Amino acid sequence: MKVHQNERFHNREVRGLRTWAPALGAAAPRLVAVDEALRAVVITALPGRPLHGAVLAPEQETMAFHRIGALARRIHQASPPRPAPADSGPAVAKAGPHLAGARPHLLPGDEEFVRDVVRQAKDLPPLEWVETHGDFQLRNILHDPDTRAAYDHGEDSGSFVAVIDLERSEPGPAVRDLVRLSDAWHGRPDLLAGFLAGYGRPLTPAEQARLVTDTALDAVSAIAYGAAHADPELVERGRRTLARLRAEHHDSPSPTGEPW
């Protein structure tokens with residue numbers, strides 16, 4: 001049984017378990033019971049351990065990321081895409097407070113980069129909304145090399161991969177699920193290629209631009225939250241992400257043709 005302290009997280013998880021999770025079959029938990037008064041859910045157990053920190057051979061990692069891409073595709077295709085609601089762009093309004101909390105932990109140039117990203121965000125085109133997991137990262141993806149699942153969605157045979165923790169699930173742009181995952185394939189083009197092969201398509205230029213924006217904002221949020229809650233690992237992840245983004249995109253053209 002899982003009990004939510006936050007009603008919003010409870011509602012999101014229940015909705016995800018009732019809407020898109022069944023489309024994943026054995027690769028997602030199944031909802032058994034809900035107690036709205038207690039904000040509790042009972043779900044089925046899944047085999048495996050989180051991929052975060054797992055040590056796999058390179059070919060096993062590539063296969064795992066192929067499966068992760070297939071999971072993302074099945075989540076995003078669980079219901080027809082819909083136009084983005086008005087004023088549903090990147091959460092730039094939160095950038096100021098998050099920068100204030102993160103500032104003592106930022107490297108020189110980090111804040112300027114984030115503010116440049118925020119300024120460019122107003123010119124990003126809207127992206128269609130789909131179902132999203134919302135916290136799609138290796139901590140929430142289980143891997144079991146000893147389990148062979150009966151996949152019936154056309155994926156090749158291989159070890160079992162599943163997704164858990166749906167409490168941030170809600171409709172949004174598909175790249176929402178790549179924000180925290182993208183750190184895992186940094187410096188590993190084979191893992192990115194494996195993911196995209198499983199996903200079934202490359203990202204569009206508009207999605208790539210939105211991914212930069214959302215990842216930068218998420219990194220600053222992580223630093224501010226980690227600093228406030230004594231979580232040095234979260235702070236380090238945010239700092240590492242900003243350094244990566246600056247190296248990859250600071251001198252690259254944004255959708256407006258200007259450097260970030």
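Conventions we followed
- Residues numbered from 1 in each chain as written.
- Predicted model: local features only at pLDDT ≥ 70, side-chain atom pairs only at ≥ 80, totals over all residues.
- Heavy atoms only, no water.
- Core = buried A, V, L, I, M, F, W, Y, C linked by side-chain atoms within 4.5 Å.
- Buried < 20%, exposed > 50% of the residue type's maximum accessible area, 1.4 Å probe, protein only.
- Helix = DSSP H or I, 4+ residues; strand = E, 2+ residues; numbered from the N terminus.
- Contact = heavy atoms within 4.5 Å.
- Polar contact = N/O pair within 3.5 Å; in protein donor to acceptor, adjacent residues only side chain to side chain.
- Axes fitted to C-alpha atoms, helices over the stretch in contact; angles between N-to-C directions.
- Parallel < 35°, antiparallel > 145°, perpendicular 65-115°, else oblique.
- Left-handed = near helix turned anticlockwise from the far one by under 90°.
- Nonpolar A, V, L, I, M, F, W, Y, C, P; charged D, E, K, R; others polar.
- pLDDT = per-residue confidence, 0-100.
- Phe/Tyr/Trp six-rings, centres within 6.5 Å; stacked < 30°, edge-to-face > 60°.
- Pairing = 2+ DSSP bridges.
- 1 Å grid on protein atoms, 1.4 Å probe; cavity = no way out; pocket = protein on both sides within 12 Å on 5 of 7 lines; lining within 4 Å.
- Points joined across faces, edges and corners; volume = space filled by probe spheres on them.

## Notes on the nonpolar core
The biggest cluster of nonpolar side chains holds 35 residues, and the ones touching the most others in it are L24, F65, I68, F136, I141, L181 and F195. No other element matches helix 2 (residues 58-76), which puts six residues into this core. Excluding its chain neighbours within four sequence positions, the residues that come into contact with F65 are L138, L181, A184, W185, L191, G194 and F195. Listed in part, the 14 residues of the second largest apolar core include A102, L106, F113 and V117.

## A few points about the side chain of D183
Tracing the backbone shows D183 in the loop between strand 8 (170-172) and helix 5 (189-199). Only 2.8 Å separates the side chain of D183 from the side chain of R240, close enough to count as a polar contact.

## Observations concerning the packing of helix 3 (residues 95-102) against helix 6 (residues 205-228)
Running from N to C, helix 3 and helix 6 point in directions that differ by 45°, and their axes come no closer than 8 Å. Taken together, the axis directions place helix 3 and helix 6 in an arrangement best described as oblique. Two packed elements cross with a definite hand, and for helix 3 against helix 6 that hand is left-handed. Contacts between helix 3 and helix 6 pair A95, H98, L99, G101 and A102 from the former with L217, V220, S221, I223, A224 and A227 from the latter. Considered class by class, the residues forming the contact of helix 3 with helix 6 number eight nonpolar, three polar and no charged.

## Side note on the confidence of the model for the protein chain
Looking at the protein chain, pLDDT values average 91 and 92% of them are 70 or higher. At the level of individual helices and strands, the protein chain shows its lowest average pLDDT in strand 1 (residues 2-3), which scores 93, and its highest in strand 5 (residues 130-132), which scores 98.

## What to know about the packing of aromatic side chains
By the definition in use, this model includes two aromatic pairs. Between W185 and F195, the ring centres sit 5.1 Å apart and the planes meet at 40°, which makes this aromatic pair tilted. Of this pair, W185 sits in the loop between strand 8 and helix 5 while F195 sits in helix 5, and the two are 10 residues apart along the sequence. Of the two residues, W185 and F195, neither departs from the other in class, the shared state being buried. Pairing F195 with Y199 gives two aromatic rings, centres 5.6 Å apart and planes at 20°, and the pair type is stacked. One end of the pair is F195 and the other is Y199, both in helix 5 and four residues apart, which spans about a single turn. We classify F195 as buried; its relative accessible area is 0%. Here Y199 falls in the buried class, since its relative accessible area comes to 7%. Clustering of aromatic rings is evident, with ring pairs tying together W185, F195 and Y199.

## As for the sheet that holds strand 2 (residues 31-35)
On the basis of which strands lie adjacent, the open sheet formed by three strands has the order 1-3-2 and antiparallel pairing. Of all strands in the sheet, those with a lone pairing partner are strand 1 and strand 2, marking the two edges. Sitting on the sheet, helix 1 (residues 7-18) touches strand 1, strand 2 and strand 3 (40-43), and the angle it makes with strand 2 is about 150°.

## Observations concerning the layout of surface pockets
The probe, sized like a water molecule, is rolled over the atoms to show the empty space still left. In this structure, the largest pocket occupies an estimated 1300 Å³ of space. As for the largest pocket, its lining consists of 37 residues, of which K94, R168, R176, R180 and D218 are closest to the centre. Taken together, the residues of the lining of the largest pocket break down into 15 nonpolar, seven polar and 15 charged. Taken as a whole, the second largest pocket encloses approximately 570 Å³ of empty space.

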